[in-house]
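# Architecture and fold: a report
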Amino acid sequence: FVKIGNTVEETIEAEVFEEIGQRVFDYQYVESYYQQSNENLMLGFIARVKETPIVLSSELTYAKFIKKDEALELLRNANIAFKLLNKAIDLNLI
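So, a few notes on the structure that sits alongside this text.

Cut-off values and rules
- Residues numbered from 1 in each chain as written.
- Predicted model: local features only at pLDDT ≥ 70, side-chain atom pairs only at ≥ 80, totals over all residues.
- Heavy atoms only, no water.
- Helix = DSSP H or I, 4+ residues; strand = E, 2+ residues; numbered from the N terminus.
- Buried < 20%, exposed > 50% of the residue type's maximum accessible area, 1.4 Å probe, protein only.
- Polar contact = N/O pair within 3.5 Å; in protein donor to acceptor, adjacent residues only side chain to side chain.
- Contact = heavy atoms within 4.5 Å.
- Phe/Tyr/Trp six-rings, centres within 6.5 Å; stacked < 30°, edge-to-face > 60°.
- Lys NZ or Arg CZ within 6 Å of the ring centre and 35° of its normal.
- Pairing = 2+ DSSP bridges.
- Expected span 1.5 Å × (residues − 1).
- Arc of directions from axis to C-beta.

### Focus on the side chain of Ser57
- Mapped onto the elements, Ser57 comes out in the loop between strand 2 (40-49) and helix 2 (68-74).
- What makes Ser57 buried here is its relative accessible area of 16%.
- Side chain to side chain, Ser57 and Glu19 meet in a polar contact 2.9 Å long.
- Separated by 3.1 Å, the side chain of Ser57 and the backbone nitrogen of Glu59 make a polar contact.
- In this structure, Ser57 is in contact with Glu18 and Glu19, ignoring residues within four places of it in sequence.

### Some words on the packing of aromatic side chains
- Enumeration according to the criterion identifies two aromatic pairs in this entry.
- Here the aromatic rings of Tyr27 and Phe45 are separated by 6.2 Å at their centres, their planes lie at 80°, and the arrangement is edge-to-face. Of this pair, Tyr27 sits in strand 1 (residues 24-35) while Phe45 sits in strand 2, placing them 18 residues apart in sequence.
- Judged by its relative accessible area of 22%, Phe45 falls in the partly exposed class.
- With 5.5 Å between their ring centres and 75° between their planes, Tyr29 and Phe45 make a pair best called edge-to-face. You can see Tyr29 sitting in strand 1 and its partner Phe45 sitting in strand 2, a full 16 residues away along the chain.
- With relative accessibility at 39%, the residue Tyr29 sits in the partly exposed group.
- Taken together, the ring pairs in this structure connect Tyr27, Tyr29 and Phe45 into an aromatic cluster.
- Between the NZ or CZ atom of Arg23 and the centre of the ring of Phe17, over which it lies, the distance is 3.9 Å.

### Things to note about the pairing of strand 1
- Bridge analysis of strand 1 against strand 2 gives 10 bridges, and the strand direction is antiparallel. Residue pairing for strand 2: Gln35 is matched across the bridge by Asn40.
- The hairpin formed by strand 1 and strand 2 contains four residues between the paired strands, and Glu39 there has a positive phi angle of roughly 55°.

### Describing helix 1 (residues 8-20)
- Compared with an ideal rise of 1.5 Å per residue, which puts 13 residues at 18 Å, helix 1 spans 18 Å between its outermost C-alpha atoms and is within 8% of the ideal.
- Here helix 1 has its buried residues at Thr11, Ile12, Val16 and Glu19. Each buried residue of helix 1 lies within a common arc of 120° when the element is viewed along its axis, so the set occupies one face.
- Lining the buried residues of helix 1 we find strand 1 and strand 2.
- One or two residues past the end of helix 1 sits Gly21, with phi positive at roughly 70°.

Structure (structure tokens):
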């Protein structure tokens, strides 16, 4: 979520760092997704980081860097994440 007073760009960098301890050096907007259940508009971005050891936040139990084919397989049942990844692939962002 974008906090009042923050920009989307600041939020991308802060969220990636808070969740996995990585510094974003580039990002690209992909698509937005409306969640009717909680009336949120999600903004989908692909972020690039310099691979360094992952530092997990207390909100995560596991994270690792993987290839896009493995990500497609793992996310096939995750509606929004799967759509985002496929759209990014279609746009040649990854």
